[in-house]
Amino acid sequence: MESKKTILVIEDEPHIALGLKDALEFEGFHVLTSPTGKDGVHRTRHDHPNAILLDLMLPDMNGYQVCEELRRLDAFVPIIMLTAKSQEADKIRGLDVGADDYVTKPFSIGELVARIRALFRRTNRPSEVMNFQLPGMTVNISAHAIERPGKQPEALSFYEVELLRLLYERQGQPVSREEILNKIWGVEANPTNRTIDNFIVKLRKKLERRPDKPEHILTVYGFGYKLVV
Ligand code: CA
């Protein structure tokens with residue numbers, strides 16, 4: 001038997017925190033809750049949860065700050081942001097500070113659990129060495145990080161890793177948006193072409209010398225993307 005995975009829920013509204021705890025325990029997870037950002041950071045440091053659900057609006061710190069703190073503590077723990085805001089800009093900002101995914105309130109518990117399981121599946125993949133060189137950096141897909149000489153590795157989120165893995169496996173060839181959506185997000189989530197574009201923008205910021213004039217992650221107009229190494 002696989003041991004129970006621990007999920008930390010950082011949420012100040014007691015009825016939402018309790019509802020999530022009940023539902024996730026029913027799904028077989030062990031659940032911890034924190035009512036504040038500070039407590040959530042403390043819990044992460046001491047209890048090492050396997051995944052974190054993070055409310056964006058907390059009484060003491062905003063969710064973006066909390067997310068940055070959590071990422072400093074653990075570069076790889078899956079973080080899903082719970083946001084009441086549906087604006088695209090908030091989601092992108094959440095992903096920029098290190099969240100792996102987000103759900104917009106009100107969300108269904110089924111969708112949330114599907115996303116948690118998807119993130120766990122990705123972390124449970126058998127390890128294989130996969131990396132490539134770009135000017136000034138090694139993109140280490142296996143280690144989920146960009147490595148630059150003399151610098152701390154820069155963490156890649158799970159979706160960034162999956163996207164890079166797919167493009168790398170087919171380097172030099174165009175990969176369609178449809179294939180990217182199907183292979184990476186699957187049928188359970190509900191992503192849009194915008195979702196892919198946002199991840200491409202983020203990856204270009206990390207990998208390209210000039211993100212506005214990409215040399216490695218190229219747009220294939222009307223079709224998709226390709227990686228040129
Ligand atoms: Ca809240």
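Please refer to the structure placed before this passage.
Predicted, not measured: the structure shown is a model, and the values here were computed from it.

Visitor: Hey, could you go over the overall build of the chain for me, with residue numbers and the actual values?
Guide: Looking only at helices and strands, the chain has eight helices and twelve strands in total. Over its C-alpha atoms the chain spans a radius of gyration of 18 Å, differing by no more than 12% from the 17 Å that the globule rule assigns to 229 residues. In terms of overall dimensions, the chain has C-alpha extents of about 50 × 40 × 40 Å along its principal axes. The buried share among the 229 residues of the chain stands at 49%.

Visitor: Could you give an account of the coordination of the calcium ion, with specific residues and numbers?
Guide: Coordination of the calcium ion by the protein comes from Asp12 (OD), Glu13 (OE), Asp55 (OD) and Met57 (O), over a distance range of 2.1 to 3.1 Å. All donors to the calcium ion come from one chain, and their sequence spacing reads D-E-x41-D-x1-M. Residue Glu13 is found in the loop between β1 (6–10) and α1 (14–26), and its partner Asp55 is found in strand β3 (residues 51–55); the two are separated by 42 residues along the sequence. Among the residues examined, Asp55 registers a relative accessible area of 1% and is labelled buried.

Visitor: Explain helix α2 (residues 37–47) to me, using residue names and the numbers behind them.
Guide: Of the residues making up α2, those classed as buried are Gly37, Gly40, Val41 and Thr44. Down the axis of α2, the buried side of the element spans an arc of 100°, and every buried residue falls inside it. Within α2, the exposed residues directed more than 90 degrees away from the buried face are Lys38 and His46. Looking at the buried residues of α2, the elements they touch are β1, β2 (30–34), β3 and α3 (63–73). Downstream of α2 by a residue or two, His48 has a phi angle that is positive, lying close to 45°.

Visitor: Describe the sheet that holds strand β12 (residues 224–227), and please don't skip the residues or the numbers.
Guide: In space, the three strands of this open sheet follow the order β10-β12-β11, with antiparallel pairing throughout. Each edge of the sheet is formed by a strand with only one pairing partner; in this case those strands are β10 (175–176) and β11 (217–220). Alignment of β10 against β12, held across two bridges, turns out to be antiparallel. Paired with Val175 across the two strands is Tyr225, which belongs to β12.

Visitor: So what's going on with the packing of α2 against α3? Residues and values would help.
Guide: For any two helices packed against each other, the geometry is given by the interaxial angle and the distance between the axes. Where α2 meets α3, the closest approach of the two axes is 10 Å, and the angle between their N-to-C directions is 10°. When the axis of α2 is compared with that of α3, the two are roughly parallel. Contacts between α2 and α3 involve Gly37, Gly40, Val41, Thr44 and Arg45 from the former and Val66, Glu69, Leu70 and Leu73 from the latter. The class makeup of the residues in the contact of α2 with α3 is four nonpolar, three polar and two charged.

Visitor: Which residues make up the environment of His144, and what are the values?
Guide: Its location among the elements puts His144 in the loop between β7 (137–140) and β8 (145–147). On the accessibility criterion, His144 (13% relative accessible area) is buried. In the structure, His144 is positioned 14 residues away from Phe158 in sequence and 7.6 Å away in space, judged by C-alpha atoms. Those residues in contact with His144 that lie beyond four places of it in its chain are Phe76, Glu154, Ala155, Leu156, Phe158 and Val161.

Visitor: Which residues make up unusual backbone geometry, and what are the values?
Guide: Backbone phi values are negative for most residues with the exception of glycine, while trans is the configuration of most peptide bonds. In this structure, Pro106 follows Lys105 across a cis peptide bond, with omega equal to -5°. Within the secondary structure, Pro106 sits in the loop between β5 (101–104) and α5 (109–123). In this model, His48 sits at a positive phi of 45°, which is unusual for a non-glycine residue. Considering the arrangement of structural elements, one finds His48 in the loop between α2 and β3. On the basis of relative accessible area, His48 is assigned to the exposed category, the value being 58%. One non-glycine residue, His144, adopts positive backbone phi at about 55°.

Procedures and definitions
Residues numbered from 1 in each chain as written. Predicted model: local features only at pLDDT ≥ 70, side-chain atom pairs only at ≥ 80, totals over all residues. Heavy atoms only, no water. Helix = DSSP H or I, 4+ residues; strand = E, 2+ residues; numbered from the N terminus. Rg over C-alpha atoms; globule rule 2.2 N^0.38 Å. Buried < 20%, exposed > 50% of the residue type's maximum accessible area, 1.4 Å probe, protein only. Donors = N, O, S within 2.8 Å, 3.2 Å for Na, K, Ca; no water. Arc of directions from axis to C-beta. Contact = heavy atoms within 4.5 Å. Pairing = 2+ DSSP bridges. Axes fitted to C-alpha atoms, helices over the stretch in contact; angles between N-to-C directions. Parallel < 35°, antiparallel > 145°, perpendicular 65-115°, else oblique. Nonpolar A, V, L, I, M, F, W, Y, C, P; charged D, E, K, R; others polar.

Read these as geometric descriptors, not functional statements.
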